[in-house]
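Single-letter residue listing:
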Amino acid sequence: MGLPLKELAPLSDDSSDWQPRNQRHSRKATSEPARRRLWSFALFTLALLCCFSRPIYTLIRFAIHSNLYSHIILIPFISVYLIWAKRHQFVLDTSPSRKVAAVCFIAGLLTIGFSLRAPGEIQTQDYLASMTLALLTILCGGCLFIFGIATFRAVIFPLLFLIFIVPLPMSIEQHLETFLQMSSAAAAHLFFQISGTPLLQEGTAFKLPGFSFEVAPECSGIHSSLVLFITSFVAGHLLLRNLWARALLVFFVVPLAIIRNGIRIFTIGQLCIHVSPDMIHSYIHRRGGPIFFAGSLVPFFLLLFFLMKIESNKRRSSVKQPG
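Because the structure is predicted, anything quoted here is derived from the model rather than measured.

Q: Looking at this structure, I do not really get empty space enclosed by the protein. What am I missing?
A: Any space left empty among the atoms is revealed by the rolling of a water-sized probe across them. The final tally for this structure, using the stated rule, is one cavity of 30 Å³ or more. For the largest cavity, the calculated volume is near 30 Å³. Considering the residues around the largest cavity, the lining is formed by Phe52, Pro55, Ile56, Leu59, Met131, Thr132 and Leu135. Those elements giving two or more residues to the lining of the largest cavity turn out to be α2 (53-64) and α5 (124-146). The residue inventory of the lining of the largest cavity, partitioned by class, reads six nonpolar, one polar and no charged.

Q: Can you walk me through the confidence of the model for the protein in this structure?
A: Averaged over every residue, the pLDDT of the protein is 84; residues scoring 70 or more account for 87%. Averaged over each element, pLDDT in the protein is lowest for helix α1 (residues 2-51) (62) and highest for α2 (94). Counted against residues more than four places away or in other chains, residues 1-30, with its pLDDT under 50, gives zero contacts.

Q: Explain the nonpolar core to me, please; I cannot follow it from the model alone.
A: Soluble globular proteins: nonpolar side chains tend toward being buried together. Of all hydrophobic cores here, the largest spans 42 residues; its most connected members are Phe52, Ile75, Cys143, Leu159 and Phe161. At the level of secondary structure, the elements contributing two or more residues to this core comprise α1, α2, α3 (75-85), α4 (98-116), α5, α7 (156-161), α8 (170-195) and α9 (222-239). Broken down by element, the residue count for this core peaks at 12 residues, all from α5. Setting aside residues no more than four positions away along its own chain, isoleucine 75 makes contact with Phe161, Leu162, Phe164, Ile165 and Ile230. Within the second largest apolar cluster, 13 residues are counted, among which are Ala188, Phe192, Val215 and Ile265.

Q: Can you help me understand the sheet that holds strand β2 (residues 205-208) in this one?
A: Hydrogen bonds between backbone atoms are what pair the strands of a sheet, whose relative direction is either parallel or antiparallel. Strand order across the open sheet formed by three strands is β1-β2-β3, with antiparallel pairing between neighbours. Each edge of the open sheet is held by one strand with a lone partner, namely β1 (200-202) and β3 (211-214). For this sheet, the mean angle separating the axes of adjacent strands, direction not counted, is 15 degrees. Contacts between α8 and the sheet are confined to β1 and β2, with β2 contributing the most and set at about 20 degrees to the helix.

Q: Looking at this structure, I do not really get the side chain of glutamate 173. What am I missing?
A: Assignment of secondary structure puts glutamate 173 in helix α8. Buried glutamate 173, no salt bridge; nearest opposite-charge side chain is arginine 260, N-O distance 15 Å. Side chain to side chain, glutamate 173 and tyrosine 69 meet in a polar contact 2.9 Å long. Setting aside chain neighbours within four positions, we find glutamate 173 in contact with Leu68, Tyr69, Gln125, Leu168 and Ile222.

Q: When you look at the layout of surface pockets in this model, what are you seeing that I'm missing?
A: The volume enclosed by the largest pocket comes to roughly 980 Å³. What lines the largest pocket is a set of 30 residues, among which Thr45, Pro76, Val80, Leu139 and Leu162 lie closest to the centre. Among the elements of the structure, α1, α2, α3 and α5 are those that each provide at least two residues to the lining of the largest pocket. The residue inventory of the lining of the largest pocket, partitioned by class, reads 26 nonpolar, three polar and one charged. Looking at the second largest pocket, its volume works out to about 750 Å³. For the lining of the second largest pocket, the elements supplying multiple residues, two or more each, are α8, α9, α10 (243-274), α11 (283-286) and α12 (289-320). In terms of residues, the lining of the second largest pocket owes the most to one element, α12, which gives four residues. Here the lining of the second largest pocket is composed, by residue class, of seven nonpolar, nine polar and seven charged.

Q: What is the right way to look at a positive patch on the surface in this model?
A: On the surface, Arg241, Lys309, Arg315 and Arg316 cluster together into a patch of positive charge. Along the chain, lysine 309 falls in helix α12.

Q: Can you walk me through the packing of α4 against α5 in this structure?
A: Two measures define how a pair of helices packs: the angle their axes make with one another and the distance between the axes. The N-to-C vectors of α4 and α5 enclose an angle of 165 degrees; their axes lie 8 Å apart at closest approach. Accordingly, the angle class assigned to the pair α4 and α5 is roughly antiparallel. Viewed along their axes, α4 and α5 form a crossing whose handedness is left-handed. In contact with Arg98, Val100, Ala101, Cys104, Phe105, Ala107, Gly108, Thr111, Ile112, Phe114, Ser115 and Leu116 of α4, α5 contributes Tyr127, Ser130, Met131, Ala134, Thr137, Ile138, Gly141, Gly142, Leu144 and Phe145.

Q: Which parts of the structure should I look at to understand the packing of aromatic side chains?
A: Aromatic ring pairs: the centre-centre distance and the angle between the two ring planes describe each pair. Taken as a whole and assessed by the stated rule, the structure comprises 16 aromatic pairs. Ring centres 5.5 Å apart and planes at 65 degrees place the aromatic pair phenylalanine 164 and phenylalanine 233 in the edge-to-face group. With phenylalanine 164 in the loop between α7 and α8 and phenylalanine 233 in helix α9, this pair connects stretches of sequence that are 69 residues apart. For phenylalanine 233, a relative accessible area of 27% translates into the label partly exposed. Taking 5.4 Å as the distance between ring centres and 15 degrees as the angle between the ring planes, the aromatic pair formed by phenylalanine 206 and phenylalanine 213 counts as stacked. Cluster of aromatic residues (ring-pair linked, three or more members): Phe191, Phe192, Phe206, Phe211, Phe213 and Phe266.

Calculation notes
- Residues numbered from 1 in each chain as written.
- Predicted model: local features only at pLDDT ≥ 70, side-chain atom pairs only at ≥ 80, totals over all residues.
- Heavy atoms only, no water.
- 1 Å grid on protein atoms, 1.4 Å probe; cavity = no way out; pocket = protein on both sides within 12 Å on 5 of 7 lines; lining within 4 Å.
- Points joined across faces, edges and corners; volume = space filled by probe spheres on them.
- Helix = DSSP H or I, 4+ residues; strand = E, 2+ residues; numbered from the N terminus.
- Nonpolar A, V, L, I, M, F, W, Y, C, P; charged D, E, K, R; others polar.
- pLDDT = per-residue confidence, 0-100.
- Contact = heavy atoms within 4.5 Å.
- Core = buried A, V, L, I, M, F, W, Y, C linked by side-chain atoms within 4.5 Å.
- Buried < 20%, exposed > 50% of the residue type's maximum accessible area, 1.4 Å probe, protein only.
- Pairing = 2+ DSSP bridges.
- Axes fitted to C-alpha atoms, helices over the stretch in contact; angles between N-to-C directions.
- Lys, Arg positive; Asp, Glu negative; His and termini not counted.
- Salt bridge = Lys/Arg side-chain N within 4 Å of Asp/Glu carboxyl O.
- Polar contact = N/O pair within 3.5 Å; in protein donor to acceptor, adjacent residues only side chain to side chain.
- Patch = residues over 30% accessible without salt bridge, like charges linked within 9 Å, V, L, I, M, F, W, Y side chains within 5 Å.
- Areas by Shrake-Rupley, 256 points an atom, 1.4 Å probe, with all protein chains shown as cover.
- Charge placed at Lys NZ, Arg CZ, Asp CG, Glu CD.
- Parallel < 35°, antiparallel > 145°, perpendicular 65-115°, else oblique.
- Left-handed = near helix turned anticlockwise from the far one by under 90°.
- Phe/Tyr/Trp six-rings, centres within 6.5 Å; stacked < 30°, edge-to-face > 60°.

Now the structure itself:
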């Protein structure tokens, strides 16, 4: 009984000794190319930021002094956090996707050419939009050229999330502002009708008993709507798994923003009728946006919780079925 144990013990030790060495050797073999790729991408990103240093500096100054685009400063930090959270999913030893990367590089260069072809005719906001879009396109091309499709898929959401640092072109911003202005006025008109308040509406102008006001473009709620839109993307990515649930949460923001702004207009109108016409100059009109924004978060998070509950129930039922 004792002899076989003495003979088998060295074999067991040798076997256990050999496997970790082999694994360590294979880890070193795969980590060295991965490390070189990471350093290459870091140097590429640094060089790209240096090339775009002037537009980036102008973009930062533009965001600091803008009420609509103040979120631009935070977006890169959120993207870096999301990439860091997914670092264990990276596949760094796949073959580069040079053809797809070339398409991104060409698209980025064409966008730069568009923004520089008529510097006297293009506005600052449109110039920043095209240059920032070119920067992101070339950055995606560098990721594909160095790492390949597998790594790009792992970080596709953080990279695409950077699109929110791109200011909207002036024409798109004006159309979006007009849409929210008109739809918010229509929602407020509906609330006035439901409450039985007599009124006459002409476009975005309202004539109420003893008082008249107009929904200006500044009252469209575009800033709070954009913030809620960005929040829906992050919340859906972190807390939801199914694409349909994420899409529903994002699209829910549009009617929610319209209803929220309609309620704000309705509330100010009722205060002007029943309290004083001077309420149009009150705090709730000038600085009351965050209050109504906080109120819109209640149905937003209720829908988010409902979607999480549905996904959780589906996962439980799928686990029980095989059993």
